[in-house]
Amino acid sequence: MLARRASSWRLPRTMAPQRRLAQLLNGLSPPAPTVGTLRLGDITYEVPAALASSRLSRTKDLLDIRDPVNVDNLHFMLQKYLLGQDIFLVSQPGPYARRLALTFANIINSEYEYIALHRDVGETELKQGREIREGGNLVYVDSPAVNAAKHGRILILEGVEKAERGIMPVLNNLLENREMNLDDGTHIIHPHRYALIDGPRERLIPAHQNFRVIAIAAPVPPYPGYPLDPPFRSRFQARFVDPLGSMLSLSRSISSEPASDLYNKLRDLILSTQYSNETRHALEAISKSALPPFPQTALVKLKALLSTFPPPDILDDGQLTRLLMTIHPALCHASFQAWAILGRQTQDIGLGHVKNILDAEHGLLGYKLTAVKRLTIDTSEVAFVGASGTVVTCTVPAGPKTMLPYPLLERPDFHVTKRFIGLLTSFVQAHALGWDISFVPPAQPSTASSSTSTLLRVFSQVLGYETEVVHMYKDLGGRELVMRRRILDGGATTWEPSPLIEAAWKGRLAHLSGLDVIGSTAGALSRIIQDREIELWEHRRIVSEASEEEVQAGQLSVAHKSFRIISTASKSLPLKDWLSDEHCNMFFPIPSQPMSNEEEEHILLSTGPHQPLETISVDNVQKNRKLGTRTLVRIMKRLAIYPDDSNLHAIIYRSLLADFLPTTERMSLESLLNEADIRKSADKIHPNALVRDRELYFPPPSSGGEETLSVSVPLFEDSQDPEGVLSLIPHMDYYYDNSLQTGLMRDLAIDVELMGEHLVLLGNQGVGKNKIVDRLCQLLRRPREYIQLHRDTTVNQLMFTTSLEGGVLKYTDSPLLRAIMYGRVIIIDEADKAPEHVVAIFRSLAGQNEMTLSDGRRVCSVRERDNDIVVHANFRLILLANRPGYPFLGNHFLQVLGENFSAHSVPNPDQASERNLLEQLAPELDPDLVLRLVGAFHDLRVGYENGSLGYPYSLRELINLVRHMQAYPSDSLGDALRNVFDFDIYKPETIDKLSEILEAHGLKVLHLGLDAAREAAKKIEDIQFQPKNTDLSEPKEGVHDNKEHSGGNTYAGGTGGRDTAGMGGRGGYKRIWKGGDIKQVPDALKEDVPEHIQKRAREMAKEELERRLKELDMSMHDAKGYGDILKATQAHMLSLHDLLEHLAAKEEERVWVKRQTDGELDDSRLTEGLTGEATVYKRRGMEKPELGRPQMKPKRIRFIFDLSASMFRFQYDGRLKRSKETAVMLMETFDRLSRKDKYVWDMYGHSGDGPEIPLVEAEKYPTSVKDRWKVVEKMEMIPQYAFAGDYTVEAIEKGVQQVGKFDADDWFVIAITDANFGRYNITPEEITRAMKKDPKVNTAWCVLGRARRHLG
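(A) Summary view of the packing of helix α14 (residues 317-327) against helix α15 (residues 336-348). Axis separation between α14 and α15 bottoms out at 13 Å; the angle between their running directions is 120°. Relative to α15, the element α14 is oriented oblique. The crossing of α14 and α15 is right-handed. Within the contact between the two elements, α14 uses Leu-320, Thr-321, Leu-324 and Met-325 and α15 uses Trp-339, Leu-342 and Thr-346. Looking at the contact of α14 with α15 residue by residue, the class counts come to 5 nonpolar, 2 polar and no charged.

(B) Inspection of the sheet that holds strand β35 (residues 858-860) at higher detail. Spatially, β34-β35-β36 is the arrangement adopted by the 3 strands of the open sheet, whose pairing is mixed. Each end of this open sheet is capped by a strand with a single partner; those strands are β34 (851-852) and β36 (869-870). As paired elements, β34 and β35 share 2 bridges and run antiparallel to each other. Bridging across to β35, Thr-852 finds its partner in Arg-858.

(C) Quick peek at the environment of Phe-901. Secondary-structure assignment places Phe-901 in the loop between α34 (894-897) and β38 (902-906). Judged by relative accessible area, which is 1%, Phe-901 ranks as buried. It is 10.0 Å that separates the C-alpha atoms of Phe-901 and Asp-751, two residues lying 150 residues apart in sequence.

(D) Highlighting the pattern of salt bridges. In total, this model carries 69 salt bridges according to the counting rule given. For Arg-66, the salt bridge goes to Asp-64, with nearest N and O atoms at 3.1 Å. Given the relative accessible area of 71%, Arg-66 is considered exposed. By relative accessible area, Asp-64 is classed as partly exposed at 34%. In this structure, Arg-153 engages Glu-111 in a salt bridge whose closest nitrogen and oxygen atoms are separated by 2.6 Å. Here Glu-111 lies in the loop between α4 (96-107) and β4 (112-116) and Arg-153 lies in the loop between α6 (144-151) and β7 (154-158), a separation of 42 residues in the sequence. Both residues of the pair, Arg-153 and Glu-111, belong to the buried class.

(E) Examining the packing of aromatic side chains more closely. According to the stated counting rule, one finds 17 aromatic pairs in the structure shown. Considering the side-chain rings of Tyr-81 and Phe-104, the 5.8 Å spacing of their centres and the 70° angle between planes classify their relative orientation as edge-to-face. With a gap of 23 residues between them, Tyr-81 in helix α3 (residues 68-82) and Phe-104 in helix α4 connect regions that are remote in the sequence. Across this residue pair, the class does not change: Tyr-81 and Phe-104 are buried. Pairing Phe-427 with Phe-439 gives two aromatic rings, centres 5.4 Å apart and planes at 70°, and the pair type is edge-to-face. Separated by 12 residues along the polypeptide, Phe-427 in helix α16 (residues 418-432) and Phe-439 in strand β16 (residues 437-440) bring together distant segments of the chain. For the residue pair Phe-427 and Phe-439, the accessibility class agrees, reading buried in each case. Taken together, the ring pairs connect Phe-1199, Phe-1230, Tyr-1239, Trp-1241 and Tyr-1261 into an aromatic cluster. One residue, Arg-201, lies across the ring of Tyr-194, its end atom 4.5 Å from the ring centre.

(F) Just unusual backbone geometry, in detail. In the segment running from Val-220 into Pro-221, the intervening peptide bond is cis, with an omega of -15°. Within the secondary structure, Pro-221 sits in the loop between β11 (212-217) and α9 (230-233). The linkage connecting Pro-221 with the following residue, Pro-222, adopts the cis geometry, with an omega of 15°. Its identity as a non-glycine residue notwithstanding, Asn-109 has a phi of 55°, on the positive side. Although it is not a glycine, Arg-694 sits at a positive phi angle of roughly 55°. Topologically, Arg-694 is positioned in the loop between β26 (690-692) and β27 (695-698). Since its relative accessible area comes to 41%, Arg-694 is described here as partly exposed.

(G) Looking closely at the sheet that holds strand β30 (residues 784-788). Spatial ordering of the open sheet is given by β30-β33-β37-β29-β38, a layout of 5 strands whose pairing is parallel. Both outer strands of the open sheet, β30 and β38, are each paired with one neighbouring strand and no more. Pairwise comparison of adjacent strand axes, ignoring direction, gives a mean angle of 20° for this sheet. As defined by bridge partners, strand β29 (residues 759-763) adjoins β38 across 5 bridges and the pair is classed as parallel. For Gly-763, the partnering residue across the bridge sits in β38 and is Val-906. Against the sheet, helix α28 (residues 739-754) touches β29, β37 (876-882) and β38, its axis set at about 165° to β38.

(H) Here's a closer look at α4. Between its first and last C-alpha atoms α4 spans 16 Å; for 12 residues at 1.5 Å apiece the expected length is 16 Å, and the two agree. With 11 of its 12 residues buried, α4 lies for the most part within the structure. Those residues of α4 that sit buried are Tyr-96, Ala-97, Arg-98, Arg-99, Leu-100, Ala-101, Leu-102, Thr-103, Phe-104, Ala-105 and Ile-107. Positive phi appears at Asn-109, one or two residues downstream of α4, with a value of about 55°.

What counts and what doesn't
- Residues numbered from 1 in each chain as written.
- Predicted model: local features only at pLDDT ≥ 70, side-chain atom pairs only at ≥ 80, totals over all residues.
- Heavy atoms only, no water.
- Axes fitted to C-alpha atoms, helices over the stretch in contact; angles between N-to-C directions.
- Helix = DSSP H or I, 4+ residues; strand = E, 2+ residues; numbered from the N terminus.
- Parallel < 35°, antiparallel > 145°, perpendicular 65-115°, else oblique.
- Left-handed = near helix turned anticlockwise from the far one by under 90°.
- Contact = heavy atoms within 4.5 Å.
- Nonpolar A, V, L, I, M, F, W, Y, C, P; charged D, E, K, R; others polar.
- Pairing = 2+ DSSP bridges.
- Buried < 20%, exposed > 50% of the residue type's maximum accessible area, 1.4 Å probe, protein only.
- Salt bridge = Lys/Arg side-chain N within 4 Å of Asp/Glu carboxyl O.
- Phe/Tyr/Trp six-rings, centres within 6.5 Å; stacked < 30°, edge-to-face > 60°.
- Lys NZ or Arg CZ within 6 Å of the ring centre and 35° of its normal.
- Expected span 1.5 Å × (residues − 1).

In structure tokens:
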């Protein structure tokens, strides 16, 4: 094929005159001008002049071309360039590979184009985009890939492993043949083909002969990502970038050498850790370090830090630990083994111990920030003093705003502590080194605050920065991080900078809030963070250096030198899911430090004269909801406002949503409160609220002798929102007051109106959440907006609605924005049904009054720009949701809300309140019947709480039942109850429980469930079979004749018999069913089965086996044996590891799949639709798993190995050896997975002694080599002592049964056997029946040796 293609490039003998003339003229044209000669090793290259200087490399941080590591890599790249081949750099995450590519482009003076690949990259980004110009003209804009092909530039593709499968083949033909069909109707073709064409060439464009591609990707595995598509991979020449060489090369960019020996010691530790993670043979694989390798930028950060801030002679343990966690943030979530290894290494090199307690009172290396002084409009001088008295002064970038004086002064709302100053010092140190900052939350949930918001605010104020907050949400794409669409008057489309790019140009501090939720898409920002360069729209780019003339020309711009980025996490994801090597290389990570008990107590006591609540704050009460610092402050403020009318026990219960805690945790909480002398007070009766004198008046509740106070809440002033008062005050036709809900309404009024809190209300269905809030708004005359969330709610829908009018997009503010602007209450209903990343935007809105809109506007507390939306002082958020857990099936949204909402649980009313409500609703109904119904429904709810019932019967069902009975008094109680209970008609155990509860309350109902539906009693008989002969002998298989038998002890597979294998009988050793009705013998006969004495030989064999297993230990010989097995399976292990790492979840949630060519119109892509793009639709489909995204449920797998005597007897053919190798491959592969929780697996064996011999039990995995070797030894010993027999069928049946019980994403049973099926009368039908016992369980069967001949 290659020869034919090459021959097509040769000119034929009979060349057309025109073509010959063109060739001659082309040969006579002068060569391209050169700027010099490059000599690289044995290669000499004439460097051509560039045609477009704006496309040349402008990076400040190019690699040192004198470094031998760099020279070697550049030499290889020049070889490939001269051969016309494309290059693939395989490198660990970090900036080295990209800088290597840019350095190569620089030394050959080549222009370049750049594409940062991410999960949202599509054909538009790789080929051509569409724009509408003035006058409605549609134009096509070439992508960087097309530009590079047309103009002979180097195309750099970074992050190939992040691009979704199926998108990179768009470039395959361009890579292989230099051909591409473009959307504007033109065609890029190979230059040789172009030269041979005699006809018209208007639509043909020759690919430039200097066009080359340099692709960059991290190896998968061990790093997360998609494996390379083989056709795409085969078109490149690969170059592995040595991690050690890249780390050392980057560190040499710091010219100054640290004076301390600390750098050399830590450098050696970093390099040795990298060596220990690079396996070469089986024994090294066994001893592979549990300590993950350091990030690529660890050395350069360490060198810069030690050069600028000389360390003390002796670094204490806390300072050493903070330093190591800063340069290697993966330690924040590393295993105990990793910390133990690191501790031994630091001791061996003389640095001391590491510990899990950081130095909380100082910055990095024991320094403390002492002074901040402005020098110019955009610079400041900062001073630090070390523990040994060393003074360091640095000039750092600053913002133009008035600076907060430093040292900081104590204020009532701000407490200056040593911990806070230590963290602030670390921030300023990272800032002085020129790095952007990532504030890493604690790995373990903490009730105490880490002061994230305060720390960012003070940092920006001390340095005079204007802050640009960019809120991340899951829908945010890589392109939206940099630019957003804009439609001009008249319908023309253009692009405008995102808030992040605005911040870069104007020197602001960009706060990337919740960066963890966008996953690997954050990598699209790596270049702007590391090099201060990025590609913009229509061939514009930000570069690190450019002249004033070039900037004025418009193609180039430069980031302001004061520009800085700080990223924070939403804390909704575990650190291991997002704190990747890529993230650590992008930022200077600073581990957070929660408040100590003493600091937290000081803050709480400052709210007023109260008793300390430290015993509560340190208790880990609930996984997702605790009494954190912000909640404790809220409680203390409430006590300060109402010191004589606050039930502390009730407030704590409410804040923890204790009504929804499991019983044991609720009991622990009660015990804790009793220890703190916080007692539950007697229930109070709340009189109805009254409106009087422009106030909502709650009379004092009555109680057992305690003094209580009334509460008065001012009504809303109509003049503050005249439009809202006219149309948005709720109107309720009826509302039946009751004590419990009035008390709850009183607490809500205090929180919303008097304390200015936002609320979240949780409760079962039908308890009146909406009605209580609407009633409160009605009484207060408060206008309220309403939004109901659901599965498909998007962030954009919360902000505004989009419409297309006359070819122009129109945006209408959503109810949420109207509530923010006009100071209204907004109810966010069904908050638990929306995706968590959608609900997450309420966190910053409630906590900091901040939200960024996709149209460029921002919501904030104070107007600083013309298009800012200021949060009205009267604005309140009220989120309504069902309680967490089954059967409501909502999302766990509380963990993403943080502590910015005052939480209230809404229970069903107590029996007295419920009875009072129903008597108001149906006064004609018999009070005694109402009393009995209330009691019955109370017991139904108790049944739900204790697990005997699966549905939480609510007040709503009871109200509807009473309304039916009042409207249709001739219907029987049973007829009315069918309205509620017919849902459970096919749940007989539930119907029985309902009947029991109703009868206990004297509510006689003739029929329930199916009986009531058919209005006839149905008798279900329990048929038992009484055999004549009940004598027992020894258990046996029985004769297989595939006929139906009842009773007796001769045939296998019968029912109601004895001794033999069958169903429904007694005394047999296994169950076999061959069809027919199953006849059960009485339970008394089943229980009357004596124990048989086992044969002495069997006992001796088992005793010997147990003795050998107990004595099993691992010697060097054992390790070598295990290493040999491991080495034999390495290739298979890599393939299996790749499969398991990227196996998509089967039970993925159905979502709206975007960028489709048909379906429903996607509002977020209407602009693309205007430009003629086809992929502007969305439709329901299975969501593709994101990189690193955890499965919702694990896959359940059981592996079954044949350990029968024949495995040992016939091991000469390698069957036993292959089984052991398979077991080792499985154990090692599962142990090496990055997300082990994606699978729950076990390994069982079967022999003539039984069908279920445990080798590895689920979630009790062999974590050490010794444990895994024991499994191998066990697999070899069991066949030695096993008696003849076969349990293949039974083992598969048991496996299918056990696996099917697990709540999983998918189910698998994989059996390996060499059974002699003919000898044991095992038919293919029996095997098939066992494998299909549970249709949802996927089964596979691997047959060894002679067994294949017996399958029939």
